[in-house]
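A closer look at the structure
Next come the chains, spelled out residue by residue.
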Amino acid sequence: MDKYSFDLFIKDKPKKDSKSIIKLILSFLAVSIISFVFLEFKVFKNQTYYYIFVGILATVVAYLNGYFKKPEIKLDGKIDGKLTFSNDGIEINSQFYSVNDLYSIVIENNDYVGKKIKEFGEFELPNGSHGVSNQITIKTKNNQFVNAEFKQNSSNEFSKIESILINYYKHNLLSEEDLNDILNLEDESDKKQLSKRLN
């Protein structure tokens, strides 16, 4: 394959969600005041009923603040531009970097569309990942660093450009260990097969 492109992902600038924080503070402040009033005026003669009431009230507040909503991952950014790999070099959003001008390449591609994600290590999100938490960092020979995030559609998408990656290896831009990680090779026989192709 002569060249292959991935979609670039541009993150949104972080925003402070002050409205949600104020809403949360006011909600729990309201719970505290109502609980105090009920306790002070001894609305419940039995203390057990009082604790049940406070528990129900706190649950309602948590529900209104979205704590029981179906978990989801929002795409905090947009797909814009292309990351293109070729034997001659790497193009990031129309800016081309020749292999002869590069000093090193670092590719982190552990994320992909549909990858299983668990919230709080427990609840699995239904649609999985958007596949955009991947990053490439290139360093040029004149000490310029270029970073970009990109979308990967499957866990083995980089296998489509194995020959291009091997070319980068031959230009001393990637190590054999880097190739194993990028190509997601875990089986020792697959690693040995790759090692043969490098020689």
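For the structure itself, consult the block above.
What this report covers is the structure whose coordinates are included nearby. On a predicted model such as this, the values are computed, not experimentally measured, just so you know.

Details of the overall build of the protein chain
In terms of regular secondary structure, the protein chain is built from five helices and nine strands. The order of α-helices and β-strands along the protein chain, N terminus first, is β-α-α-β-β-β-β-β-β-β-β-α-α-α. Within the protein chain, the fraction of its 199 residues that count as buried is 31%. Excluding contacts between residues fewer than 6 apart, the proportion of contacts in the protein chain whose partners are at least 24 apart in sequence is 61%. Accessible area for the protein chain stands at about 13,800 Å²; split by element, carbon and sulfur atoms hold 52% of it.

Considerations on the sheet that holds strand E5 (residues 102-108)
Strand order in the open sheet formed by seven strands is E4-E3-E2-E1-E9-E8-E5, and the pairing between neighbours is antiparallel. Of all strands in the sheet, those with a lone pairing partner are strand E4 (95-98) and E5, marking the two edges. On average, each strand axis in the sheet is inclined to that of its neighbour by 30 degrees, with strand direction left out of account. Bridge count between strand E2 (residues 77-86) and strand E3 (residues 89-92): four bridges; the pairing is antiparallel. Considered in E3, the bridge of Thr84 is made with Glu91. Lying over the sheet, helix H3 (residues 162-170) contacts strand E1 (3-11), E2, E3 and E5, oriented at roughly 65 degrees with respect to E2.

Quick word on the packing of H3 against helix H5 (residues 188-198)
Taken N-terminus to C-terminus, the directions of H3 and H5 make an angle of 60 degrees; their axes are 11 Å apart at the nearest point. Considered as vectors, H3 and H5 are oriented oblique to each other. The way H3 lies across H5 gives a crossing that is right-handed. Of the residues in H5, those in contact with Glu162, Ile166, Tyr169 and Lys170 of H3 are Leu194, Arg197 and Leu198. Looking at the contact of H3 with H5, its residues break down into four nonpolar, no polar and three charged.

Looking at the side chain of Thr140
Take Thr140: it is sitting in strand E8 (residues 134-140). Once residues within four sequence positions are removed from consideration, Thr140 is found in contact with Tyr97, Asp101, Leu102 and Tyr103.

Points about the packing of aromatic side chains
In total, this model carries seven aromatic pairs according to the counting rule given. The interplanar angle of 20 degrees and the centroid separation of 4.7 Å between the aromatic rings of Phe6 and Phe158 together place this pair among those described as stacked. Of this pair, Phe6 sits in strand E1 while Phe158 is found in the loop between strand E9 (145-150) and H3, placing the two residues 152 residues apart along the sequence. Here Phe6 and Phe158 have matching classes, each one buried. Aromatic pair Phe85 and Phe158: ring centres 5.7 Å apart, planes at 70 degrees, arrangement edge-to-face. Of this pair, Phe85 sits in strand E2 while Phe158 is found in the loop between E9 and H3, placing the two residues 73 residues apart along the sequence. A relative accessible area of 1% means that Phe158 is categorised as buried. Through a chain of ring-to-ring contacts, the aromatic side chains of Tyr4, Phe6, Phe85, Phe150, Phe158 and Tyr168 assemble into a single cluster.

Parameters at a glance
Residue indices begin from 1 for each chain and proceed along its sequence in written order. Selection of residues for local features in this predicted model requires a pLDDT of at least 70, selection of side-chain atom pairs for listing and counting requires 80 or more, and totals for whole chains, interfaces and linings are taken over all residues. The side-chain numbers reported here are obtained from all heavy atoms of the structure, hydrogens and water having been left aside. Only DSSP runs of H or I covering at least 4 residues are called helices, and only runs of E covering at least 2 are called strands; the numbering of each starts at the N terminus. Exposure is judged per residue with a 1.4 Å probe applied to protein chains only, and the accessible area is read against the type maximum: over 50% gives exposed, under 20% gives buried, and values in between give partly exposed. Should any heavy atoms of two residues lie within 4.5 Å, those residues are considered in contact. Only the protein chains shown count as cover for residues, and all accessible areas are computed by the Shrake-Rupley method using a 1.4 Å probe. We call two strands paired when DSSP finds no fewer than two bridges between them. Only the stretch in contact is used when fitting a helix axis, every axis being a line fitted to C-alpha atoms; angles between N-to-C directions are given from 0 to 180 degrees. Each angle receives one of four descriptions, namely roughly parallel if under 35 degrees, roughly antiparallel if over 145, roughly perpendicular if within 65 to 115, and oblique otherwise. Handedness of a crossing follows from how the near helix is turned relative to the far one, being left-handed for an anticlockwise turn of less than a right angle and right-handed for a clockwise one. The residue classification treats Ala, Val, Leu, Ile, Met, Phe, Trp, Tyr, Cys and Pro as nonpolar and Asp, Glu, Lys and Arg as charged. All others, Gly included, are polar. By convention, a stacked pair of Phe, Tyr or Trp rings (six-membered ring in the case of Trp) has centres within 6.5 Å and planes under 30 degrees apart, an edge-to-face pair has planes over 60 apart, and any other such pair is tilted.

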